[in-house]
Amino acid sequence: QVRLVESGGGLVQPGGSLRLSCVGFGLISSFYPMGWYRQAPGKERELVAHITSGISPTYADFVKGRFTISRDNAKNTLYLQMNSLKPEDTAVYYCNYRVTVNNYWGQGTQVTVSS
């Protein structure tokens, strides 16, 4: 019922910035949370940030002060502005939409931070 498509990943040097986008197709409600997760090679998927309309966003400690999550309901799009990127931020970043116990995921976009 729901399809999520991420874009904006790429190769960036340490200290650089990237802006990820996630466009939702299908029934997406602003009442339910959306978020960004990431998974590095050989590691488990971890939460980066999530947001629900009318509620302050939640961030993982390792990205606070560097990343900003936002949501444009009119465009059905989720964003992640990433600043001051570090090599340890290298991972595949996934868009997530959660309806109670049901999770929908995009295919992911690769972010590589390296000099």
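Residues numbered from 1 in each chain as written. Predicted model: local features only at pLDDT ≥ 70, side-chain atom pairs only at ≥ 80, totals over all residues. Heavy atoms only, no water.

### With respect to the sheet that holds strand 7 (residues 67–72)
- Strand order in the open sheet made by the four strands is 1-3-8-7, with antiparallel pairing throughout. Both edges of this open sheet fall to strand 1 (2–7) and strand 7, since each of them pairs with a single strand only. Neighbour-to-neighbour, the strand axes of the sheet open up by a mean angle of 15°, direction not taken into account.
- Strand direction decides the pairing type here: strand 1 and strand 3 (residues 18–26), joined by six bridges, are antiparallel. The residue bridging valine 2 from the neighbouring strand is glycine 26, located in strand 3. (Pairing = 2+ DSSP bridges. Helix = DSSP H or I, 4+ residues; strand = E, 2+ residues; numbered from the N terminus. Axes fitted to C-alpha atoms, helices over the stretch in contact; angles between N-to-C directions.)

### Side note on unusual backbone geometry
- Positive phi is not limited to glycine here, since asparagine 76 has a value of about 55°.
- Of note, asparagine 76 is situated in the loop between strand 7 and strand 8 (77–82).

### Describing the environment of glycine 8
- Here glycine 8 lies in the loop between strand 1 and strand 2 (10–12).
- Residue classification places glycine 8 among the partly exposed positions, given a relative accessible area of 35%.
- For the pair glycine 8 and arginine 19, spaced 11 residues apart in the sequence, the C-alpha separation amounts to 5.9 Å.
- Apart from residues no more than four positions distant in its own chain, glycine 8 is found in contact with Leu18, Arg19, Leu20 and Thr109. (Buried < 20%, exposed > 50% of the residue type's maximum accessible area, 1.4 Å probe, protein only. Contact = heavy atoms within 4.5 Å.)

### Looking at the state of the cysteines
- Evaluated as defined, the whole model comprises one disulfide.
- The partner cysteine of cysteine 22 in its disulfide is cysteine 95, sulfur to sulfur 2.1 Å. Between cysteine 22 and cysteine 95, the S-S dihedral sits near -80°, and the bridge is therefore left-handed. Residue cysteine 22 is located in strand 3, and its partner cysteine 95 is located in strand 9 (residues 91–99); the two are separated by 73 residues in the primary sequence.
- The buried category is assigned to cysteine 95, whose relative accessible area is 0%. (Disulfide = S-S within 2.5 Å.)

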